[in-house]
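The lines below spell out each chain.
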Amino acid sequence: MKLPEIHIQILKEGAVIPEYKTSGSAGMDLSACLSENIVLPKGEVVFVPTGLAMAIPEGYEGQVRPRSGFSTKNSIIMPNSPGTIDSDYRGEILIPLLNISGKDFVLEPGTRVAQMVLHSVAQLPVQLVTKLSATERGAGGFGSTGK
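Presented here is an overview of the structure given in this document. Only a predicted model underlies this, so the values are computations on that prediction, with no experimental measurement involved.

A closer look at the pattern of salt bridges
Two side chains carrying opposite charge are able to pair once their charged atoms lie near each other. Here the structure, examined in full by the defined rule, presents five salt bridges. The residue Arg112 makes a salt bridge to Asp29 at a minimum N-O spacing of 2.6 Å. Taken as a pair, Arg112 in strand 10 (residues 112–120) and Asp29 in strand 2 (residues 28–31) lie far apart in primary sequence, 83 residues in all. The class for Arg112 is partly exposed, based on a relative accessible area of 31%. Its relative accessible area of 10% is what places Asp29 among the buried residues. Counted as one network, the salt bridges with shared partners bring together Asp29, Arg67 and Arg112.

A look at unusual backbone geometry
The residue after Ser81, namely Pro82, is reached through a cis peptide bond having omega -5°. Mapped onto the fold, Pro82 is located in the loop between strand 6 (76–77) and strand 7 (83–85). In this structure, Ser75 takes a positive phi of about 55° despite not being glycine. Inspection of the secondary structure assignment puts Ser75 in the loop between helix 1 (68–74) and strand 6.

What about the side chain of Asn99?
Within the element layout of this structure, Asn99 appears in strand 8 (residues 92–99). Asn99 gets classed as buried once you look at its relative accessible area, which sits at 1%. A polar contact is formed between the side chain of Asn99 and the side chain of Ser101, at a distance of 2.7 Å. Only 2.8 Å separates the side chain of Asn99 from the backbone oxygen of Lys103, close enough to count as a polar contact. Dropping the residues within four chain positions of it, Asn99 is found in contact with Leu40, Pro41, Lys42, Gly43, Glu44, Ser75, Ile76, Asp104 and Phe105.

Definitions and cut-offs
- Residues numbered from 1 in each chain as written.
- Predicted model: local features only at pLDDT ≥ 70, side-chain atom pairs only at ≥ 80, totals over all residues.
- Heavy atoms only, no water.
- Salt bridge = Lys/Arg side-chain N within 4 Å of Asp/Glu carboxyl O.
- Helix = DSSP H or I, 4+ residues; strand = E, 2+ residues; numbered from the N terminus.
- Buried < 20%, exposed > 50% of the residue type's maximum accessible area, 1.4 Å probe, protein only.
- Polar contact = N/O pair within 3.5 Å; in protein donor to acceptor, adjacent residues only side chain to side chain.
- Contact = heavy atoms within 4.5 Å.

Structure representation (structure tokens):
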């Protein structure tokens, strides 16, 4: 069975085409497309450009999440992780990064700042009901299954 393809458009010089770094990688690395170093001020969110736009096939989403090494080593997180790239979005992919390190961080061009995992999604019909079916858990919330 042939899988659908992601079409990628380069919008800016210096953009790095996403790739799987190993045969077992779940995500493709996304890199900062910068003409020079930028500062990620402590405690602030900066939208980092990738210089890329994508056409993700219908029925799929791109889940954008931090790269574990970059995020953990530098205390740089994604405040909306995982972010979703919808199949109908055609603008530049921007990566929101939040610096929680306590000091300004210098981000260099080409740094792999995030990864994108492709996942199939379904749009299901919605039906309004007056009562939901019962389950063993019921309305038990956070931590209720660990008792």
